[in-house]
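Structural overview
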Amino acid sequence: MAIRCLRARALSSVAARGVLGQSRREPRLVLGIETSCDDTAAAVVGETGRVLGEALHSQKETHLKAGGIIPPVAQRLHREHLDRVVQEAMDNSGVSLNELTAIATTIKPGLALSLQVGLEYSLKLIEQYKKPFIPIHHMEAHALTIRMLQLVEFPFLVLLISGGHSLLAVARGVDDFILLGQTLDEAPGDTLDKVARRLSLRNHPACCTMSGGEAIEYLARMGNRLRVEITQPMSRHLDCDFSFSGLRNQVNQIIMKKEKEEAGIQDGQLLSCVNDIAAAVQHTVAVHLAKRTHRAILFCKKENLLPQSNPALVVSGGVASNKYIIKILQIVTEANGFSLNCPPPKLCTDNGIMIAWNGIERLRAGIGVLHNPKAIRYEPKAPLGINLSEQVGKAALKVPYLKLKI
Ligand code: KG4
Ligand code: ZN
């Protein structure tokens, strides 16, 4: 079955900018606000999935220079930019705050200091404009984004891979998820970011403005993964959980060895085999994700959790922008008669559109629309759905051999 990486409908804010009267055709409009990590984002989305206006301020450059996200710095930057970002999204949309149906904001999970900024700001807006509030779970928003772009009916299997998360779940409804597995240590994006930092990719002329994951993908295209040997994580664990920290330790050992071999290499200088290491890391991450996803598909088939006709896998989160990883996953979906559905990179990474769309989904379903949100708190840690990971492990399903090569 063909991979469907669709372009967002009416994604261009230019197209949507100030087109008088268009907003009136949208029965309901939601402003979405995202500040859970290092992106300050806002968007206005209509009930049909039309993006009326959007704006985003990325802190990536600051954090790249600092060598990682420093929460108080992230908080300060959110505080400095949020009002402007919201104003810009509103201006682009051509609608006023009074015309909104509701305001939706990420309140979990994420960095406490970052979440706090978005929530406090939203509560003030809600008070001022007397609007209902829709608190958003960041991972739910990633999972549902695809439904703004194309028809993907519940239930479907979803793989969410980002800098903060990695999980496999069955989405049965807007707020109804079954968790099949998640990372036991770090998330794949975090691993790729740390490996990129260890390889000093910031000093690579082509990669200096890229996130770690993007840089690894870029260099991997020119590398030979077979020149660097990395053992697959958790191959004896017959569950759907993930682990990436062991893989990172292995890569660190390899880098140390290569640095010794390339005697005289200075701190911050690039190894000559940097492309090969990138290719090997990317491949190992891709295969790990693919094997766990394959097992999740088998578990869903065994437990009848998904429809027999046209079952769907949705992949989202920042790491889903990686074309190599998507191609490896496609081998698994094709072998099992699943479609593979993935938002475009712009909607895979954090953005305000997915938050606003999650608000629309909740409005339509009449779930979690609060008229008196004063008691609402942000939650840095928040599980997604009912956890069936243990049952998945007990089922100990063996994944048949598949040639995971491109
Ligand atoms: O979803 P996201 O924007 O923020 C979180 O919620 O974490 O994901 C950011 C992560 C970063 O770790 C970044 O390195 C990774 O997504 N990423 C990629 C690519 N683009 C971004 N990883 C692999 N390949 C890419 N092309
Ligand atoms: Zn995210």
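Everything numeric here is computed off the predicted structure, so don't read it as measured data. (Residues numbered from 1 in each chain as written. Chains lettered and ligands numbered in written order. Predicted model: local features only at pLDDT ≥ 70, side-chain atom pairs only at ≥ 80, totals over all residues. Heavy atoms only, no water.)

This part is about unusual backbone geometry. Between Phe154 and Pro155 the backbone carries a cis peptide bond, its omega angle lying at -5°. Look at Met234: it is not a glycine, yet its phi comes out positive at around 55°. Mapping Met234 onto the fold places it in the loop between helix 9 (212-220) and helix 10 (245-261). (Helix = DSSP H or I, 4+ residues; strand = E, 2+ residues; numbered from the N terminus.)

Turning our eyes to something else, we now look at the pattern of salt bridges. One pass over the structure, following the stated rule, counts 20 salt bridges. Where Lys108 meets Glu379, a salt bridge forms, and the shortest distance between an N and an O atom there is 4.0 Å. Separated by 271 residues along the polypeptide, Lys108 in strand 5 (residues 102-108) and Glu379 in the loop between helix 14 (352-365) and strand 12 (386-387) bring together distant segments of the chain. Look at Lys108 and you get partly exposed, because its relative accessible area is 23%. One salt bridge in this structure joins Lys194 and Glu186, with 3.7 Å as the shortest N-O distance. Judged by its relative accessible area of 7%, Glu186 is buried. A cluster of three or more residues bridged by salt bridges with shared partners is formed by Glu186, Asp190, Lys194 and Arg248. (Salt bridge = Lys/Arg side-chain N within 4 Å of Asp/Glu carboxyl O. Buried < 20%, exposed > 50% of the residue type's maximum accessible area, 1.4 Å probe, protein only.)

Moving on, we come to helix 11 (residues 274-302). Helix length check: helix 11, at 29 residues, gives a terminal C-alpha distance of 42 Å against a target of 42 Å (1.5 Å per residue), a fit within 8%. With 26 of its 29 residues buried, helix 11 lies for the most part within the structure. Count one or two residues on from helix 11 and you reach Asn304, which has phi positive near 55°. (Expected span 1.5 Å × (residues − 1).)

Attention now goes to the coordination of the zinc ion (ligand 2). In the first shell of the zinc ion (ligand 2), the protein supplies His138 (NE2), His142 (NE2) and Asp350 (OD), at 2.1 to 2.2 Å from the metal. Coordination at the zinc ion (ligand 2) is irregular, judged from the 4 donor atoms that bind it and the angles of 92 to 155° they form at the metal. When the donor residues of the zinc ion (ligand 2) are listed from N- to C-terminus, their spacing reads H-x3-H-x207-D. Within this pair, whereas His138 is found in helix 6 (residues 138-144), its partner Asp350 is found in the loop between helix 13 (345-348) and helix 14, the two being separated by 212 residues in sequence. Here the two residues His138 and Asp350 agree in accessibility, since each one is buried. (Donors = N, O, S within 2.8 Å, 3.2 Å for Na, K, Ca; no water. Tetrahedral: all angles 85-135°; square planar, octahedral: opposite > 155°, others 65-115°.)

Next up on the list: the pairing of strand 3 (residues 39-46). Across the 8 residues of strand 3, 8 count as buried, placing the element largely inside the fold. Of the two faces of strand 3, the one lined by Asp39, Ala41, Ala43 and Val45 and the one lined by Thr40, Ala42, Val44 and Gly46 are each fully buried. For strand 2 (residues 29-34) and strand 3, the ladder comprises 6 bridges, and the chain directions are antiparallel. When the sheet's bridge partners are listed, Glu34 is paired in strand 3 with Ala41. (Pairing = 2+ DSSP bridges.)

This brings us to the sheet that holds strand 3. The 5 strands are arranged 4-3-2-5-6 in an open sheet whose pairing can be described as mixed. What marks the edges here is a single partner per strand, and that holds for strand 4 (51-58) and strand 6 (133-137). Strand-to-strand twist in this sheet, taken as the mean axis angle between neighbours without regard to direction, amounts to 20°. One ladder, built from 5 bridges, connects strand 5 with strand 6; its direction is parallel. What sits directly across from Ala104, in strand 6, is Ile134. Helix 5 (residues 112-129) contacts strand 2, strand 5 and strand 6 of the sheet and is inclined by roughly 155° relative to strand 5. (Axes fitted to C-alpha atoms, helices over the stretch in contact; angles between N-to-C directions. Contact = heavy atoms within 4.5 Å.)

So, about the site of ligand 1. Around ligand 1 sit 21 residues, and of these Gly163, Asp193, Gly213, Glu217 and Asp350 come closest. Taking Gly213, its main chain carries an N or O atom lying 3.0 Å from an oxygen atom of ligand 1. Protein chains shield 91% of the accessible area of ligand 1, which is 560 Å² for the free molecule. Secondary-structure elements contributing two or more residues to the shell around ligand 1 are helix 6, helix 8 (188-198) and helix 9. Counted by class, the shell around ligand 1 contains 3 nonpolar, 14 polar and 4 charged residues. (Near = heavy atom within 4 Å. Polar contact = N/O pair within 3.5 Å; in protein donor to acceptor, adjacent residues only side chain to side chain. Areas by Shrake-Rupley, 256 points an atom, 1.4 Å probe, with all protein chains shown as cover. Nonpolar A, V, L, I, M, F, W, Y, C, P; charged D, E, K, R; others polar.)

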